[in-house]
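The residues making up each chain are set out below.
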Amino acid sequence: MILGKVIGTVWSTKKDENLVGSKLLIVKQLGLDFKEKENFVVAVDSVGAGEGEIVLVATGSSARQTNSTKNRPVDAVVMAIVDKLDISSN
Amino acid sequence: MYFGKVIGNVWATKKYEAMFSLKMMIVQPISAELKNLGEPIIAVDTVGAGPGEIIIYITASEAVIPLPVDFAPVDASIVGIVDTINLAN
């Protein structure tokens, strides 16, 4: 999974009908220092993540392994909202 | 499968319900010479790996196979703790 921050939402009326009802979030990838990287993904929300929240995103076909993305054309899903990162010093 | 080093863990109370009992670690991908290779990722631990340990992890949808649940959005999981690496010189 990758660490990311929700920076926005995509509104799209004309899309694959299997995406109807899916909330599309724009997630910028973060480093462990929480600095935003260049790349971003559009991910389907499965945990009610909102703008500004630090999240985890699963990508690839694993992204279809949730009730809200099963059998849908989805390759990225927000599946956790991060409370805290513990990074050991060594 | 890839080599990695566990460098921390992630606390996330709000997550996909099937993942409730799963422990998520921060893994720095490394080479066989233990040099860092690219960006850290988050992987579910299935073998009790702790920070500082050298591990083996798998990616893609196979990552859900070693988990106690069979349907969860996981794309990386730790499947082994490395004792030694023998490299032909």
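Residues numbered from 1 in each chain as written. Chains lettered and ligands numbered in written order. Predicted model: local features only at pLDDT ≥ 70, side-chain atom pairs only at ≥ 80, totals over all residues. Heavy atoms only, no water.

Draft legend 1. Geometry of the interface of chain B and chain A. Each side of the interface is counted separately: chain B has 31 residues, and chain A has 28 residues. Note on chain B versus chain A: buried area summed over both sides is about 2500 Å², and carbon and sulfur give 56% of it. Applying the counting criterion to the chain B and chain A interface returns one salt bridge. Across the pair E39 of chain B and K37 of chain A runs a salt bridge, and its minimum N-O distance is 3.4 Å. On inspection of chain B and its partner chain A, the count reaches 19 residue pairs in polar contact (both at pLDDT 80 or more). (Contact = heavy atoms within 4.5 Å. Buried area = accessible area lost by both parts, 1.4 Å probe. Salt bridge = Lys/Arg side-chain N within 4 Å of Asp/Glu carboxyl O. Polar contact = N/O pair within 3.5 Å; in protein donor to acceptor, adjacent residues only side chain to side chain.)

Draft legend 2. Just the pairing of strand β5 (residues 54-59) of chain B, in detail. Residue and element names in this part refer to chain B. The sheet contact formed by strand β1 (residues 2-11) and β5 spans four bridges and is antiparallel. Bridged to G4 within β5 is I55. Bridging between β5 and strand β6 (residues 76-81) involves five bridges; their strand directions are antiparallel. Across the sheet, I55 pairs through a bridge with I81, a residue of β6. (Pairing = 2+ DSSP bridges. Helix = DSSP H or I, 4+ residues; strand = E, 2+ residues; numbered from the N terminus.)

Draft legend 3. Quick look at the side chain of S77 of chain B. Residue and element names in this part refer to chain B. Of note, S77 is situated in strand β6. One polar contact links the side chain of S77 to the main-chain carbonyl oxygen of A63, over a distance of 2.8 Å. Once residues within four sequence positions are removed from consideration, S77 is found in contact with A43, V44, T46, I56, Y57, I58, A63, P66 and L67.

Draft legend 4. Geometry of the confidence of the model for chain B. The pLDDT averaged across chain B works out to 96; a share of 100% of its residues lies at or above 70. Per the prediction output, this complex has pTM 0.94; the corresponding ipTM is 0.93. (pLDDT = per-residue confidence, 0-100.)

Draft legend 5. Focus on the side chain of D45 of chain B. Residues and elements named next belong to chain B. Of note, D45 is situated in strand β4 (residues 41-45). Overall, the relative accessible area of 10% leaves D45 in the buried class. Looking at D45, its side chain comes within polar contact range of the main-chain nitrogen of V47, at 3.1 Å. A polar side-chain atom of D45 sits 3.1 Å from the main-chain amide nitrogen of A49. Those residues in contact with D45, other than ones at most four positions away along the chain, are K23, M25 and I78. (Buried < 20%, exposed > 50% of the residue type's maximum accessible area, 1.4 Å probe, protein only.)

Draft legend 6. Just unusual backbone geometry, in detail. In this model, N71 of chain A sits at a positive phi of 60°, which is unusual for a non-glycine residue. Positionally, N71 of chain A belongs in the loop between β4 (54-59) and β5 (76-81). Even without being glycine, L34 of chain B reaches a positive phi, approximately 65°. Mapped onto the elements, L34 of chain B comes out in the loop between β3 (23-30) and β4.

Draft legend 7. Layout of the pattern of salt bridges. Residues and elements named next belong to chain A. Scanning all chains against the criterion turns up six salt bridges over all chains. Between D33 and K35 there is a salt bridge whose closest N-O contact spans 3.9 Å. Residue D33 is classed as partly exposed on the basis of its relative accessible area of 49%.

Draft legend 8. Just the pairing of strand β3 (residues 36-45) of chain A, in detail. Residue and element names in this part refer to chain A. Sheet topology places strand β2 (residues 24-30) next to β3; six bridges connect them, and they run antiparallel. What sits directly across from V27, in β3, is V41. Count of turn residues in the β2/β3 antiparallel hairpin: five residues, of which F34 carries a positive phi of about 65°. Strand direction decides the pairing type here: β3 and β5, joined by two bridges, are parallel. Bridge pairing links D45 to V78 in β5.

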